[in-house]
Amino acid sequence: MRAAFVLAILLVPPVPANGAARPAYGGEIRVLVSSAPRVVDPALAINSSDLMLVRALHSLPLEIDGEGHLSPGLLEEVPVPEAAGRAFRLLLRSGLRFADGTPLGAADVAASLGRLLSSGSAHAWVALPILGADAFLDGRALVLPGVEVLSDRELLVTLAFPMPEWPFALAAPTAAVVSRGGEGAGPFRLKTLDGSGARLEVNPFHWRGRAFADRLLLKGADARAAARALSRGEADLVQRPEAFAGARSCPPTPPLLVTVAVLNPRRLGSETDHVRNVIQSIDRAELARRFARGPSAPMETLVPPALLPAPGPNPRPVPAGDGARPVRLALLALADAPDQRAVAGRLQVKLFDAGLRASAEVEGPSRFAARFGAEDYDVALVAVPVLSLAPSLAAGQVALATRGPMVARRVLAEMAGLSQDAAFARAEELTRALDLVPLFATGERNSAGPGLEGLRVFADGGFDPGELWRLEGENR
Amino acid sequence: MAAPPLVLAILLAAPAGAPPPALSAVAEGLGQALGPPANGRRGMALLVEARAGALVGPAEAALSDSLAHLGYSVTPSRGGPEAESTARAAGQDWLLRVQAGLVPGRREVALVGELIPTWDSFFLQRQAGARARAPRLVQARGPADPETLSLGREERPPGSPFARIRTLSRISGRVLALAIGDAGDGPAIAAVTPDAVLLLSTTGREVARREPDRSGWQRIRDPAAMVALGDFGGGRLAVEQAGAPQAEVLARNGDRLEVVATLPAAPVCAAEGGVRLFGAFAPGEGLLLDELTPSVDPEARPRSDRHLFGVSAAPQGGPIAFAALDSSLALTLLGPDLKPAGPPIPGVGVGFALADLHGDGTAEVVASSTRTDGTDRVRVIAPFAEQPVVLESPPLTGAILAAAGGDVTGDGVDDAVLALVSRESDGSPVTDLLLVTADPRELP
């Protein structure tokens, strides 16, 4: 896929093969992330810490390699589109098992796809293109008619519309296969999860072979604590937006965490276009540079530029227009996202300059979700971690997070199968139609301790924690 | 340069005046090819030349003996370029000019002779030096015994490096393990990739292969294998890939390697004289348990909880008979009794082998480095020397992940072959087999 190729060229430097030291088994790998992971369910994980935990606990049907291409994961091969891109046969490897030793079969894949459409899932975008997903969502159907289990190892997925790139959805961490008991099939299995972090132990049944490390520790740490732990050799890897002096620099994650301003036309009414113009007039490159702590890029559409770059030069900022109007806006932002708090402050200033008095209302996650769901805002800042390299799926994910599943399904259908240029034009149209103002996309930096080996960052920013190992002592 | 101790010992052990048996046999063969004197012309000047000076005298003695038995009256010649005119002036009937040497890569000695008539021809007496008939070429070759190999080893060129490193051949895929030894019909190299077991000639050309059925194997994240060439009963190649249910003994059948037996232990390494070591992979891993036994022993238990990347045997034994590399990248040197033979060597890369490159009776360690930046180096370490690192190559792109010691060039002295794994432009792995040799014929 062209978009994936562009991403690979731009973002993923060639990773040298391990030298003469073959991986050593054993020991514990200690990873520090922005916040302590709390969610183990792939259908619910949203922030980067939870997604890293999901990658450690679960296996995916397909994987993304370093060049942005799909490669087999739990599936024996990358499925080939059938019926003009509407159907895919998924064939599992033989002998797969969950971490508790129970067999993993086609029925588990079908159930895992279905549960993404259940209420509360943030990742229905994976399954929304499947035939009958709308009826399933509405409760009009109890099973997904588009998913047919053919045997223990094979299932047929039929989509509601042609989408040749749909297999990229199967490489998102949220597409992980989960047992009915919630068990994963990843390189590690959960030992403990508490407020300080997650402790994991090796899964002997992983399809690729047991992980090199015996244990994995995922802990939350602020920038200062992370720097201290790295310098003292108490952490092997830190994934945070900041870079750390003295740490071994590794490939960063690509800027796929998108921040969009969501307008509420029901409350803004005739002022919607004016507010949109004011926000669009902000220099987004400067916004990204000043307020995003990690690697960042300004956005033009609801799809991050790493996946869908503008075909020509970036359009000039839209003039804010004249004629100040006495409007007071509620600007909703999430409390535990420092970048967005800063951006909300900046927007507040810009809106004030344009005659719009905005109050930045920063809320905790649950309150934010409640107000956003009830449309209790004029402008909301929403951050979406894009998990698929296909522009259509990325657009669907952003649409789902901002406008709900039915709109997301329409976006997925409209973007499916488009060429790069056509996709950009359609993404521009959809961005406006959805009353979104894309701001910027950010990534995170990986800083490794001196002995860490095996870190291979995929084109989607993930990595396989089972590949991590430590080169000991004087051999570093 | 003083003769190496081993060569000296061999020369002292041989009966005075008697050429090595292998040399005598080949000289006998050359005599048979020559046949008895024709028309009573028995006078023969014998000129033997060889790049290895030590081979000239014994070859001359063996040939003189063989030719005398056929009825020739042999006079050794030192005439050099003037040998023919000297023989003619001395009234000899023939000049037999013989080139003696080792056949590269085959551990064979060869004699190639040019039989030149040197009697005066009545019909050609106006043409000084004219030959009465056309010269005739004769040749013979046969297996070289250790004495002949020692004599045939050429002098090292003055100022030459300790050893030379050159590419032997290229194999698609990542080579996991290597072995050098007698595969039944001569010296050969065994190489294991994740998909195949290969038998290669000493030039690195594939001569046979086996692609095992991997269904039912346990998956190993970092594939690994052990391979050895030696006496394993029905076949001479034994291999076990990590995750496989058992080891296999393979025998060559044309261009295929066929399973002739299975083993319940991993064949870790083998050496001349029937020396073999067996071990076991740690469950689910590509590393070995610290469990080395000279025979398959189901009761064997690990000696410690450390795991081993690999074990190498000195092809011809010696005070350092084995070496084991543990997961901290420290190399333990072991004697023939598997007891420590010296202090551990830290910082040895996983591509390592024991090989007595200079034929002095003590193996050197030929090893990769511990770099993890995508480049590697070949190092030759003489463990008991004051300056142990006797050779270090420039950086090589890739990683040396396997190695083996054994005689590849056919001079009777060990060489080493290393597997340098890198990636093709399309990302697929490829392995360059590197030859490390101190064979003077290979040195610049």
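Keep in mind the model is a prediction, meaning the values are calculated, not measured. (Residues numbered from 1 in each chain as written. Chains lettered and ligands numbered in written order. Predicted model: local features only at pLDDT ≥ 70, side-chain atom pairs only at ≥ 80, totals over all residues.)

**Q** Can you walk me through the overall build of chain B in this structure?
**A** Counting its secondary structure elements, chain B contains 5 helices and 29 strands. Summarising its shape, the C-alpha atoms of chain B cover approximately 85 × 50 × 45 Å along the three principal directions. Considering only intrachain contacts with a sequence separation of at least 6, the fraction spanning at least 24 residues in chain B is 56%. (Helix = DSSP H or I, 4+ residues; strand = E, 2+ residues; numbered from the N terminus. Contact = placed C-beta atoms within 7 Å.)

**Q** What exactly am I supposed to notice about the overall build of chain A here?
**A** Across its full length, chain A carries 13 helices and 20 strands. Since a compact globule built from 476 residues should have a radius of gyration of about 23 Å, the 22 Å found for chain A is in line with a globular shape. Here the C-alpha coordinates of chain A stretch approximately 65 × 55 × 40 Å along the principal axes. For chain A, with 476 residues in total, the buried portion stands at 54%. Within chain A, residue pairs in contact and separated by at least 24 positions form 71% of the contacts whose partners lie at least 6 positions apart. (Rg over C-alpha atoms; globule rule 2.2 N^0.38 Å. Buried ≥ 20, exposed ≤ 12 C-beta atoms within 10 Å, placed from the backbone.)

**Q** Is there a simple way to think about the sheet that holds strand S24 (residues 379-381) of chain B in this case?
**A** Strands pair in a sheet through their backbones, by hydrogen bonds, and they do so in one of two ways: parallel or antiparallel. Residues and elements named next belong to chain B. The strand order S21-S22-S24-S25 describes an open sheet built from 4 strands, whose pairing is antiparallel. Each edge of the open sheet is held by one strand with a lone partner, namely strand S21 (352-355) and strand S25 (389-392). Taken pair by pair, the neighbouring strands of this sheet meet at an average axis angle of 20 degrees, ignoring direction. Where S21 and strand S22 (residues 364-367) come together, 4 bridges link them in antiparallel fashion. Each bridged residue has a counterpart across the sheet, and for Ala355 the counterpart in S22 is Glu364. (Pairing = 2+ DSSP bridges. Axes fitted to C-alpha atoms, helices over the stretch in contact; angles between N-to-C directions.)

**Q** Help me understand the nonpolar core, please; the structure alone is not making it clear to me.
**A** A general feature of soluble globular proteins is that nonpolar side chains tend to end up buried together. If you look at the biggest cluster of nonpolar residues, it comprises 261 residues, and the most contacted ones within it are Leu178(B), Val366(B), Ala403(B), Val417(B), Leu418(B) and Ala419(B). At 7 residues, the largest contribution of residues to this core is made by helix H11 (residues 391-403) of chain A. Counting residues in each nonpolar core, the second largest holds 34 residues, with Leu34(B), Leu55(B), Leu102(B) and Ile116(B) among its members. (Core = buried A, V, L, I, M, F, W, Y, C linked by C-beta atoms within 7 Å.)

**Q** Can you walk me through the interface of chain B and chain A in this structure?
**A** Accessible area lost upon the coming together of the parts is a frequently used measure of interface size. With 30 residues of chain B in contact, the opposing surface of chain A contributes 24 residues. Broken down by secondary-structure element, the contributors of at least two residues to the side of chain B that touches chain A are strand S18 (307-313), strand S23 (375-376) and strand S27 (399-406) of chain B. With 3 residues, the single largest contributor to the side of chain B that touches chain A is S27(B). For the side of chain B that touches chain A, the class distribution of residues is 9 nonpolar, 13 polar and 8 charged. (Nonpolar A, V, L, I, M, F, W, Y, C, P; charged D, E, K, R; others polar.)

**Q** Mind showing me how you'd approach helix H5 (residues 223-231) of chain A here?
**A** Along an α-helix, residues three or four apart share an orientation, since each turn contains 3.6 residues. All names here are of chain A. If you check which residues of H5 are buried, you get Ala226, Ala227 and Leu230. For H5, the arc enclosing every buried residue in end-on projection is 100 degrees, short of the 170-degree limit, so these residues lie on one face. As for H5, its buried residues are in contact with strand S1 (28-33), strand S10 (237-240) and strand S18 (445-448). One or two positions beyond H5, positive phi appears at Gly233, with a value near 75 degrees. (Arc of directions from axis to C-beta.)

**Q** Can you help me understand the domain arrangement of chain B in this one?
**A** All names here are of chain B. The domain boundaries assigned to chain B delineate domain 1 (5-152) and domain 2 (164-437). Using only C-alpha atoms to locate each centre, domain 1 and domain 2 end up separated by 42 Å. Within the residue set of the side of domain 1 that touches domain 2, elements represented by two or more residues are helix H1 (5-13), strand S3 (94-103) and helix H5 (146-152). For the side of domain 1 that touches domain 2, the element with the highest residue contribution is H5, accounting for 4 residues. Of the residues that constitute the side of domain 1 that touches domain 2, the class distribution is 8 nonpolar, 3 polar and 2 charged. (Domains from an automatic or database assignment.)

**Q** I would appreciate a short explanation of the packing of helix H12 (residues 405-415) of chain A against helix H13 (residues 420-433) of chain A in the present structure.
**A** Packed helix pairs are characterised by how far apart their axes lie and by the angle those axes make with each other. All names here are of chain A. Across the interface, H12 lies against H13 with an axial gap of 10 Å and an inter-helix angle of 155 degrees. It follows from the interaxial angle that H12 and H13 lie roughly antiparallel. At the point where H12 passes H13, the crossing takes the right-handed sense. On H13, the residues that touch Val411, Glu414 and Met415 of H12 are Ala423, Arg426, Ala427 and Leu430. (Parallel < 35°, antiparallel > 145°, perpendicular 65-115°, else oblique. Left-handed = near helix turned anticlockwise from the far one by under 90°.)

**Q** Any chance you could explain the confidence of the model for chain B here in plain terms?
**A** Caution applies to low-pLDDT parts of the model: their predicted coordinates are not meant to be read in detail. Residues and elements named next belong to chain B. When pLDDT is averaged along chain B, the result is 89, and 94% of the positions lie at 70 or above. Overall, residues 1-16 carries pLDDT values under 50, and its contacts beyond four positions in sequence, including any with other chains, amount to 17 contacts. For this predicted complex, the interface score ipTM comes out at 0.81, alongside a pTM of 0.82. (pLDDT = per-residue confidence, 0-100.)

**Q** I'm lost on the pairing of strand S8 (residues 197-202) of chain A in this one. Help?
**A** The side chains of a regular strand alternate, first on one face of the sheet and then on the other. Residues and elements named next belong to chain A. Bridge count between strand S7 (residues 188-194) and S8: 6 bridges; the pairing is antiparallel. Within S8, the position partnered with Leu190 by the bridge is Leu200. In textbook terms, the turn of a hairpin is the stretch between consecutive antiparallel strands, and for S7 and S8 this stretch comprises 2 residues. Note: S8 against strand S9 (residues 215-220), 5 bridges, orientation antiparallel. Bridged to Gly197 within S9 is Lys219.

**Q** What exactly am I supposed to notice about unusual backbone geometry here?
**A** The bulk of non-glycine residues show a negative phi, and the bulk of peptide bonds are trans. With a phi close to 55 degrees, Ala84(A) is a non-glycine residue in the positive phi region. With respect to the helices, strands and loops of the structure, Ala84(A) is situated in the loop between strand S3 (70-72) and strand S4 (87-91). Its identity is not glycine, yet Leu329(B) carries a phi of approximately 65 degrees, on the positive side. Among the secondary structure elements, Leu329(B) is positioned in the loop between strand S19 (322-326) and strand S20 (331-334).

**Q** Would you take a moment to explain the environment of Ser94(A) for this structure?
**A** Residues and elements named next belong to chain A. Note that Ser94 resides in the loop between S4 and helix H3 (106-115). By the C-beta count within 10 Å, which is 11 here, Ser94 ends up exposed. Separated by 10 residues in the primary sequence, Ser94 and Leu104 have C-alpha atoms spaced 9.2 Å apart.

**Q** I keep staring at the pairing of strand S8 (residues 187-192) of chain B and nothing clicks. Help me out?
**A** All names here are of chain B. Most of S8 sits out of view: 5 of its 6 residues are buried. Here strand S7 (residues 177-182) folds back onto S8, and the loop between the two strands holds 4 residues, one of which, Gly184, carries a positive phi near 115 degrees. Relative to strand S9 (residues 197-200), S8 runs antiparallel, the two being bridged by 4 bridges. By the bridge assignment for S9, Val192 is matched with Val197. In this antiparallel pair of consecutive strands, S8 and S9, the connection spans 4 residues.

**Q** Honestly, the packing of H11(A) against H13(A) in this entry has me stumped. Any pointers?
**A** All names here are of chain A. Relative orientation of the contacting elements H11 and H13 amounts to 10 degrees, with a least axis distance of 11 Å. Overall, the two elements H11 and H13 adopt an arrangement that is roughly parallel. Contacts between H11 and H13 involve Pro391, Ser392 and Ala395 on the former and, on the latter, Ala423, Ala427 and Leu430. Residues that form the contact of H11 with H13 fall into these classes: 5 nonpolar, 1 polar and no charged.

**Q** Could you clarify how one ought to interpret H11(A) in this entry?
**A** Residue and element names in this part refer to chain A. Under the 1.5 Å per step criterion, the end-to-end length of H11 is 17 Å for 13 residues, consistent within 8% with the ideal 18 Å. Of all 13 residues in H11, 12 are buried, a share of seventy percent or more. Listing the buried residues of H11 in full gives Pro391, Ser392, Leu393, Ala394, Ala395, Gly396, Gln397, Val398, Ala399, Leu400, Ala401 and Thr402. Backbone geometry just downstream of H11 places Gly404 in the positive-phi region, at approximately 95 degrees. (Expected span 1.5 Å × (residues − 1).)

**Q** Teacher, can you tell me more about the environment of Val78(A) here?
**A** Residue and element names in this part refer to chain A. Within the element layout of this structure, Val78 appears in the loop between S3 and S4. Remark: the alpha-carbon pair of Val78 and Leu387, spanning 309 residues in sequence, is separated by 18 Å. Residues within four places of Val78 in sequence aside, it is in contact with Leu62, Leu70, Ser71, Pro72 and Pro167.

**Q** I keep staring at the sheet that holds S9(A) and nothing clicks. Help me out?
**A** All names here are of chain A. Ordered by their spatial adjacency, 7 strands build an open sheet running S7-S8-S9-S1-S10-S18-S11, and the pairing between neighbours is mixed. At either end of the open sheet lies a strand with only one pairing partner, and these are S7 and strand S11 (248-250). Each neighbouring strand pair of the sheet contributes to a mean axis angle of 20 degrees, computed without reference to strand direction. In the sheet, S1 pairs with S9 via 6 bridges, with the strands oriented parallel. If you follow Glu28 over to S9, its bridge partner there is Arg215. Its contacts with the sheet place H5 against S1, S10 and S18, and it is angled at close to 160 degrees to S10.

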